[in-house]
Amino acid sequence: MNQNYRLPDHNAERMRMMDTVRSEFHLDPALTECGRGKTYFIRTYGCQANVRDSETIAGILEEMGFLPASVMEEADVLLFNTCAVRKAAEEHVLGEIGSLKTLKRNDPDKLFALCGCMAQEESVVSQILRSYPQIDLLFGTHNLSRLPQLLSRAMKGERVVEVESEGSGSIVEGMPVQRTRSFKAFVNIMYGCDKFCTYCIVPYTRGKERSREMEYILEEIRGVKQAGGKEVTLLGQNVNAYGKDLGMQDGFTELLKRAAETGIERIRFYTSHPRDYSETTIDAMRDCLNIMPALHLPVQSGSDEILRKMNRGYTSGSFRTLYDRMKEKIPGITFTTDLIVGFPSETEAQFQETLDLAEYCRFDSAFTFVYSPREGTPAAKMEDTVSLSEKKDRLQRLNEVIGKHARANNEATVGKVLRVLCDGRSKKKEETFAGYSEENRLVNFTGEGIREGDIVDVRITEARSFSLFGEAVGIV
Ligand code: SAH
Ligand code: SF4
Ligand code: F3S
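Residues numbered from 1 in each chain as written. Chains lettered and ligands numbered in written order. Predicted model: local features only at pLDDT ≥ 70, side-chain atom pairs only at ≥ 80, totals over all residues. Heavy atoms only, no water.

1. A word on the sheet that holds strand S18 (residues 433-437)
- Strand order in the closed barrel formed by five strands is S17-S18-S19-S21-S20, and the pairing between neighbours is mixed. Direction aside, neighbouring strands of the sheet carry axes that sit 50 degrees apart on average.
- One ladder, built from seven bridges, connects strand S20 (residues 455-463) with strand S21 (residues 468-475); its direction is antiparallel. Paired with Val456 across the strands is Ile475, a residue of S21. (Pairing = 2+ DSSP bridges. Helix = DSSP H or I, 4+ residues; strand = E, 2+ residues; numbered from the N terminus. Axes fitted to C-alpha atoms, helices over the stretch in contact; angles between N-to-C directions.)

Structure below.
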């Protein structure tokens, strides 16, 4: 096996290079035929950043001549684009790649690759190299643009590993993309994260915070619109910091306004950070009608002491003030959030403060997590004082409060008409369609002559905790 690789290095990740290296993607013409007659399949875990990366990987593979396989087991090249944010996510992937051994034994010509955030973790990479010989290619989040070269080497029988942290300050423009849906698109506006919340692995796996030049972003949005697209979601770990590294004062607001001027029907963004939220961004959301009135604003905890230990940079009070201002300026805006229970040293009283915050903000929904220690992060060195049963109990109590408000907020929409972008037929019922309203509420509905990608007015007839039901009253 080729030992010519370096492992990712979390300590090096803390010393961020100042300059972002920008370049354009170029596919070596000699590699455009390597996938002829072969198929690929991508298993994607984790957040939207990974979903968008998988679309780039698909784009690259198709330029190399590969075609998509409809079933995972049949693919000649099988890629696992992984997430490292919690231990459970990692264990799931390790279980799946473990079962590839049999597939490999039956067909040694199949090629298995692992990429994404797990490939940026030193201990995981070492474990895979040691115990998972069926993985032929390992590449990190910073090496996507090198996939053609890496894959062609692996196809010649070499075990290829490219996971070092050195590329973490780069942006490669012009990479091909094979989007999952034609009418809804994810558009990266920035990569990486410099916030270093003490529990979080992302700053280590995704590198330093760096923004794409605005013109490239706008060009991508115009391209989506020209191809008939209706909705773009602007992606970054912390979108409110957009442009700071490019010397812009209020880059995200400027970008939002310019994106709105493209005339695309719907603009969303994901994820926001309460610390960098500016008043001008709230005003832009109010003034531009194609910026959707829905905000995902992770708060993590309602306790000031825990927020300080998490290095979040705001207090429970300042979060409430921001929440109040948004509700006041943008009536009808929906709020969703992320919350962690059982952070090291979290007391029952501190958890109660999280419940109080959830009661105050009446979130429309929330992703709630049990704290999971991540090797190499500062919180992993703090003493884990909360027992597993206590963590589970807190999660359940929190979910009850979240569910109660989610349901009440949904019930308040019964009888109203919501404007829904149709995603297609519902997974559960063939005669029903599903889609999201402007406020990002999941709506199942019935109607005639509706196609995927249509924007439809739907009268709401019934509410559940996390979805609505209604009848189409007109196609926009
Ligand atoms: N950049 C985004 C979210 C990134 S990860 C943000 O800052 O909001 C998505 C969510 O996973 C986080 O908001 C957090 O709630 C959760 N999370 C991250 N690390 C975690 C950990 N070690 N244990 C449990 N949940 C975690
Ligand atoms: Fe992780 Fe915090 Fe960065 Fe979000 S802002 S990705 S939670 S370090
Ligand atoms: Fe997971 Fe990486 Fe996203 S750790 S949440 S896939 S940035």
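2. Points about the site of ligand 1
- Residues in close proximity to ligand 1 total 15 residues, the closest being Gln237, Pro298, Gln300, Asp338 and Ser372.
- Side-chain polar atom of Gln300 to an oxygen atom of ligand 1: 2.7 Å apart, as the coordinates give it.
- Take Ser372: an N or O atom from its main chain is 2.7 Å from a nitrogen atom of ligand 1.
- Coverage of ligand 1 by the protein amounts to 90% of the 540 Å² it exposes when considered alone.
- At the level of secondary structure, the elements contributing two or more residues to the shell around ligand 1 comprise strand S15 (334-341) and strand S16 (365-370).
- Looking at the shell around ligand 1, its residues break down into seven nonpolar, four polar and four charged. (Near = heavy atom within 4 Å. Polar contact = N/O pair within 3.5 Å; in protein donor to acceptor, adjacent residues only side chain to side chain. Areas by Shrake-Rupley, 256 points an atom, 1.4 Å probe, with all protein chains shown as cover. Nonpolar A, V, L, I, M, F, W, Y, C, P; charged D, E, K, R; others polar.)

3. Side note on the sheet that holds strand S12 (residues 231-235)
- Ordered by their spatial adjacency, three strands build an open sheet running S9-S12-S13, and the pairing between neighbours is parallel. Unpaired on one side and paired on the other, strand S9 (184-188) and strand S13 (266-270) mark the two borders of the sheet. Each strand of the sheet is rotated relative to its neighbour by a mean of 25 degrees, with strand direction disregarded.
- Of the pairings in the sheet, the one linking S9 to S12 comprises five bridges and is parallel in character.

4. Some points on the site of ligand 3
- Around ligand 3, the surrounding shell consists of Cys47, Asn50, Cys83, Ala84, Val85, Cys117, Arg206 and Gln237.
- Its residues placed into classes, the shell around ligand 3 shows five nonpolar, two polar and one charged.

5. Points about the packing of aromatic side chains
- Enumeration over the complete set of coordinates arrives at eight aromatic pairs.
- When the centroid spacing of 5.5 Å and the interplanar angle of 75 degrees are considered together, the rings of Phe196 and Tyr204 count as edge-to-face. Across the pair, Tyr204 and Phe196 agree in class, each one buried.
- Geometrically, the ring pair formed by Tyr199 and Phe343 is edge-to-face, given 6.4 Å between the ring centres and 85 degrees between the ring planes. (Phe/Tyr/Trp six-rings, centres within 6.5 Å; stacked < 30°, edge-to-face > 60°. Buried < 20%, exposed > 50% of the residue type's maximum accessible area, 1.4 Å probe, protein only.)

6. Considerations on the pattern of salt bridges
- Across all of its chains, the model carries 39 salt bridges by this definition.
- Note that Glu96 and Arg43 form a salt bridge whose closest N and O atoms lie 2.3 Å from each other. Here Glu96, found in helix H3 (residues 87-98), pairs with Arg43, found in strand S2 (residues 39-44); they are 53 residues apart in sequence, far enough to count as distant.
- You can call Glu96 buried: its relative accessible area is 15%.
- Here Glu348 makes a salt bridge to Arg397, at a shortest N to O gap of 2.5 Å. Taken together, the positions of Glu348 in helix H13 (residues 348-361) and Arg397 in helix H14 (residues 388-411) put the pair 49 residues apart, joining distant regions of the chain. (Salt bridge = Lys/Arg side-chain N within 4 Å of Asp/Glu carboxyl O.)

7. A word on the layout of surface pockets
- In this model, the second largest pocket occupies a volume close to 480 Å³.
- As for the second largest pocket, its lining consists of 27 residues, of which Thr56, Val172, Met175, Asn188 and Tyr191 are closest to the centre.
- Those elements that place two or more of their residues in the lining of the second largest pocket are helix H2 (48-63), strand S8 (170-173) and helix H8 (214-226).
- When residues of the lining of the second largest pocket are assigned to their parent elements, the largest contribution, four residues, is made by S8.
- Counted by class, the lining of the second largest pocket contains eight nonpolar, 10 polar and nine charged residues.
- Here the lining of the second largest pocket gathers at least three residues from each of two domains, domain 1 (10-162) and domain 2 (171-411). (1 Å grid on protein atoms, 1.4 Å probe; cavity = no way out; pocket = protein on both sides within 12 Å on 5 of 7 lines; lining within 4 Å. Points joined across faces, edges and corners; volume = space filled by probe spheres on them. Domains from an automatic or database assignment.)

8. Concerning the side chain of Ser211
- Following the sequence through the fold, Ser211 ends up in strand S11 (residues 210-211).
- Side-chain polar atoms of Ser211 contact the backbone nitrogen of Gly243, separated by 3.0 Å.
- For Ser211, the side chain forms a polar contact with the side chain of Asp245, separated by 2.5 Å.
- Once you skip the residues sitting within four places of it in the chain, Ser211 turns out to touch Arg22, Ile171, Ile189, Met190, Tyr242, Gly243, Asp245 and Leu246. (Contact = heavy atoms within 4.5 Å.)

9. Concerning the pairing of S13
- Of all the five residues making up S13, four are buried; the element is thus mostly covered by neighbouring parts of the structure.
- In terms of strand pairing, S12 meets S13 through five bridges, oriented parallel. Among the inter-strand pairings, Thr233 is bridged to a residue of S13, identified as Arg268.
- Each parallel crossover has a hand, and the one from S12 via helix H9 (residues 251-261) to S13 is right-handed. (Right-handed = clockwise from strand over helix to strand, strands pointing away.)

10. Looking at the domain arrangement of the protein chain
- Its domain assignment divides the protein chain into domain 1 (10-162), domain 2 (171-411) and domain 3 (417-475).
- Each of domain 1 and domain 2 was reduced to a C-alpha centroid, and the two centroids are 27 Å apart.
- Taken together, the 40 residues of domain 1 in the interface contact 42 residues of domain 2.
- Summed over both partners, the interface of domain 1 with domain 2 buries about 3600 Å², with 52% contributed by carbon and sulfur atoms.
- Interface area lost by domain 1 to domain 2 is led by Arg16, Arg22 and Arg52, which between them contribute 20%.
- Between the two partners, domain 1 and domain 2, sit four salt bridges.
- The shortest N-O distance in the salt bridge between Glu220 and Arg52 comes to 3.2 Å.
- Inspection of the domain 1/domain 2 interface yields 18 residue pairs in polar contact (both at pLDDT 80 or more).
- Mapped by element, the contributors of at least two residues to the side of domain 1 that touches domain 2 are helix H1 (10-14), strand S1 (21-24), H2 and H3. (Buried area = accessible area lost by both parts, 1.4 Å probe.)

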